[in-house]
Amino acid sequence: MHTTLQKLNLVKNKINEIINQKQLKTNPKIIVVTKTFPLNKITHLLESGHIHFGENKVQEAEDKWFQVKTRFKDIKLHMIGTLQSNKAKKAVKIFDYIHSLDSAKLALKIFRYEKELNKR
């Protein structure tokens, strides 16, 4: 098993252990943050079926994930870094979730681009 898969499985096992110990009724999603990692380092995760990935830069995400998202249709890409308003439209195109909303101005831009691109 590839090292990245082993590490992900360790995290999953630890989370499941805590859920079982605390008798929680939750199913958390693990977002694998791939900033600065090339695709060849995360291909094993994609091929194993992991779908939630995080990036902190729009340009890096665009370069890295555009082709991948056409091959792996279920991928959910998360924007976790600071988002500049001039990159909001690209972010709405690329990302499925934006976690770094920090102003009303940015929220309005994202809302407008969601409508324009027919995306939520």
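Since the model is a prediction, treat every value here as computed from it, not as a measurement.

### Considerations on the packing of aromatic side chains
(1) Moving on: Per the counting criterion, the structure on display carries one aromatic pair.
(2) Moving on: Measuring from ring centre to ring centre gives 5.0 Å for F53 and W65, while their planes differ by 40°; the resulting arrangement is tilted. Taken together, the residues span a long stretch of sequence, with F53 in strand β2 (residues 52–55) and W65 in helix α3 (residues 58–71) at a distance of twelve residues. Residues F53 and W65 agree in their burial class; the two are buried.
(3) Moving on: The cationic tip of R112 hangs over the ring face of Y113; the distance from NZ or CZ to the ring centre is 5.4 Å.

### Section: the sheet that holds β2
(1) Moving on: Taken in spatial order, the four strands of this open sheet run β1-β2-β3-β4, and their pairing is parallel. Single-partner strands in this sheet number two, and they are β1 (32–33) and β4 (97–98).
(2) Moving on: Pairing geometry for β1 and β2, over two bridges, is parallel. Across the sheet, the residue bridging to V32 is F53, located in β2.

### A short note on the packing of helix α1 (residues 3–22) against helix α2 (residues 39–47)
(1) Moving on: Interhelical geometry of α1 versus α2 gives an angle of 55° and a closest axis separation of 8 Å. As far as their axial angle goes, α2 and α1 are oblique. Of the two elements, α1 crosses α2, and the hand of that crossing is right-handed. Contacts from T4, L5 and L8 of α1 reach α2 at K41, H44 and L45.
(2) Moving on: Broken down by class, the residue content of the contact of α1 with α2 amounts to three nonpolar, two polar and one charged.

### Quick look at the side chain of S100
(1) Moving on: Within the element layout of this structure, S100 appears in the loop between β4 and α5 (104–117).
(2) Moving on: Residue S100 is classed as buried on the basis of its relative accessible area of 13%.
(3) Moving on: Within the structure, the side chain of S100 is placed 2.3 Å from the backbone oxygen of G81, a separation counted as a polar contact.
(4) Moving on: Those residues in contact with S100 that sit more than four places away from it in its chain are M79, I80, G81, T82, L83 and L106.

### Comments concerning the pattern of salt bridges
(1) Moving on: Scanning the model with the defined rule gives seven salt bridges in all.
(2) Moving on: E62 is the partner of K90 in a salt bridge, and the nearest nitrogen-oxygen pair spans 3.3 Å. Of this pair, K90 sits in helix α4 (residues 88–94) while E62 is found in helix α3, placing the two residues 28 residues apart along the sequence.
(3) Moving on: We classify K90 as partly exposed; its relative accessible area is 37%.
(4) Moving on: Put simply, K69 and D96 hold a salt bridge, and the shortest N to O gap is 3.0 Å. With K69 in helix α3 and D96 in the loop between α4 and β4, this pair connects stretches of sequence that are 27 residues apart.

### Focus: α5
(1) Moving on: For α5, built from 14 residues, the straight-helix expectation of 20 Å at 1.5 Å per residue is met to within 8% by its first-to-last C-alpha distance of 20 Å.
(2) Moving on: Taken together, the buried positions of α5 are occupied by L106, K109, I110, Y113 and E114. All buried residues of α5 lie within an arc of 140° about the axis, which places them on one face of the element. Within α5, the exposed residues directed more than 90 degrees away from the buried face are A104, K105, L108 and K115.
(3) Moving on: Lining the buried residues of α5 we find α4 and β4.
(4) Moving on: The positive-phi residue at the C-terminal boundary of α5 is N118, with phi of around 55°.

The rules behind these values
Residues numbered from 1 in each chain as written. Predicted model: local features only at pLDDT ≥ 70, side-chain atom pairs only at ≥ 80, totals over all residues. Heavy atoms only, no water. Phe/Tyr/Trp six-rings, centres within 6.5 Å; stacked < 30°, edge-to-face > 60°. Helix = DSSP H or I, 4+ residues; strand = E, 2+ residues; numbered from the N terminus. Buried < 20%, exposed > 50% of the residue type's maximum accessible area, 1.4 Å probe, protein only. Lys NZ or Arg CZ within 6 Å of the ring centre and 35° of its normal. Pairing = 2+ DSSP bridges. Axes fitted to C-alpha atoms, helices over the stretch in contact; angles between N-to-C directions. Parallel < 35°, antiparallel > 145°, perpendicular 65-115°, else oblique. Left-handed = near helix turned anticlockwise from the far one by under 90°. Contact = heavy atoms within 4.5 Å. Nonpolar A, V, L, I, M, F, W, Y, C, P; charged D, E, K, R; others polar. Polar contact = N/O pair within 3.5 Å; in protein donor to acceptor, adjacent residues only side chain to side chain. Salt bridge = Lys/Arg side-chain N within 4 Å of Asp/Glu carboxyl O. Expected span 1.5 Å × (residues − 1). Arc of directions from axis to C-beta.

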